[in-house]
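Residue-level listing of the chains:
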Amino acid sequence: MKLIYSPHAELEFQYTVEPYTAARKAAIDVIRNWSTITDLVAFAESRHGYENRDGFFGITYASDLDDFDRANGISIPNDYVEANAGYGASAGETHQLPESEYLELLRQFLVLNNRPELATRVETLLTKDV
């Protein structure tokens, strides 16, 4: 999987993923819409989700779900995350993808944004038994 940055493209299309899937697109949109890049690494290290209520972008881990969520049929398989790319609407697109794919997208995003020290921390997560 490869993340591609095109600085002259429209903002929504500056980051593309090959091979493309809707889940990978949602995940990279979540990543690029978070305000503090260091937070993303801390969340990944703690395996804890986050949500931006301004644009309704977020990542959810299975451990973030509570009894109410589970009682209402919401589930996330082990070793997966859920990417919610609302694009400004609270009922936006939700996609599940392997946690390893999310982490790899985050790692590549950090490399492309010249944050090698953070990318190394994420790479460590990828080589661990997650």
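Before any of the text, the structure's been laid out above.
About the criteria used
- Residues numbered from 1 in each chain as written.
- Predicted model: local features only at pLDDT ≥ 70, side-chain atom pairs only at ≥ 80, totals over all residues.
- Heavy atoms only, no water.
- Helix = DSSP H or I, 4+ residues; strand = E, 2+ residues; numbered from the N terminus.
- Polar contact = N/O pair within 3.5 Å; in protein donor to acceptor, adjacent residues only side chain to side chain.
- Axes fitted to C-alpha atoms, helices over the stretch in contact; angles between N-to-C directions.
- Parallel < 35°, antiparallel > 145°, perpendicular 65-115°, else oblique.
- Left-handed = near helix turned anticlockwise from the far one by under 90°.
- Contact = heavy atoms within 4.5 Å.
- Nonpolar A, V, L, I, M, F, W, Y, C, P; charged D, E, K, R; others polar.
- Buried < 20%, exposed > 50% of the residue type's maximum accessible area, 1.4 Å probe, protein only.

> Explain the environment of Thr127 here, please?
For Thr127, the position within the fold is in helix α5 (residues 116–127). With 54 residues separating them in the primary sequence, Thr127 and Gly73 have C-alpha atoms 32 Å apart. Among the polar contacts listed, one links the side chain of Thr127 to the backbone oxygen of Thr124, at a separation of 3.0 Å.

> Whenever I open this one, the packing of helix α2 (residues 37–46) against helix α4 (residues 99–112) confuses me. Can you help?
At a minimum axis distance of 11 Å, the contact between α2 and α4 shows a crossing angle of 150°. What the angle tells us is that α2 and α4 run roughly antiparallel. α2 and α4 meet at a crossing whose hand is left-handed. Between α2 and α4, the residues in contact are Ile37, Leu40, Val41 and Ala44 and Leu103, Leu106, Phe109 and Leu110, respectively. Residues of the contact of α2 with α4, tallied by class, amount to eight nonpolar, no polar and no charged.

> Any chance you could explain the side chain of Arg24 here in plain terms?
With respect to the helices and strands, Arg24 occurs in helix α1 (residues 22–32). Here Arg24 falls in the buried class, since its relative accessible area comes to 11%. Polar side-chain contacts of Arg24 include one of 3.0 Å to the side chain of Glu101. The contacts of Arg24, once residues within four sequence positions are left out, are Met1, Val17, Pro19, Glu101 and Leu105.

That's the geometry; what it means functionally is another story.
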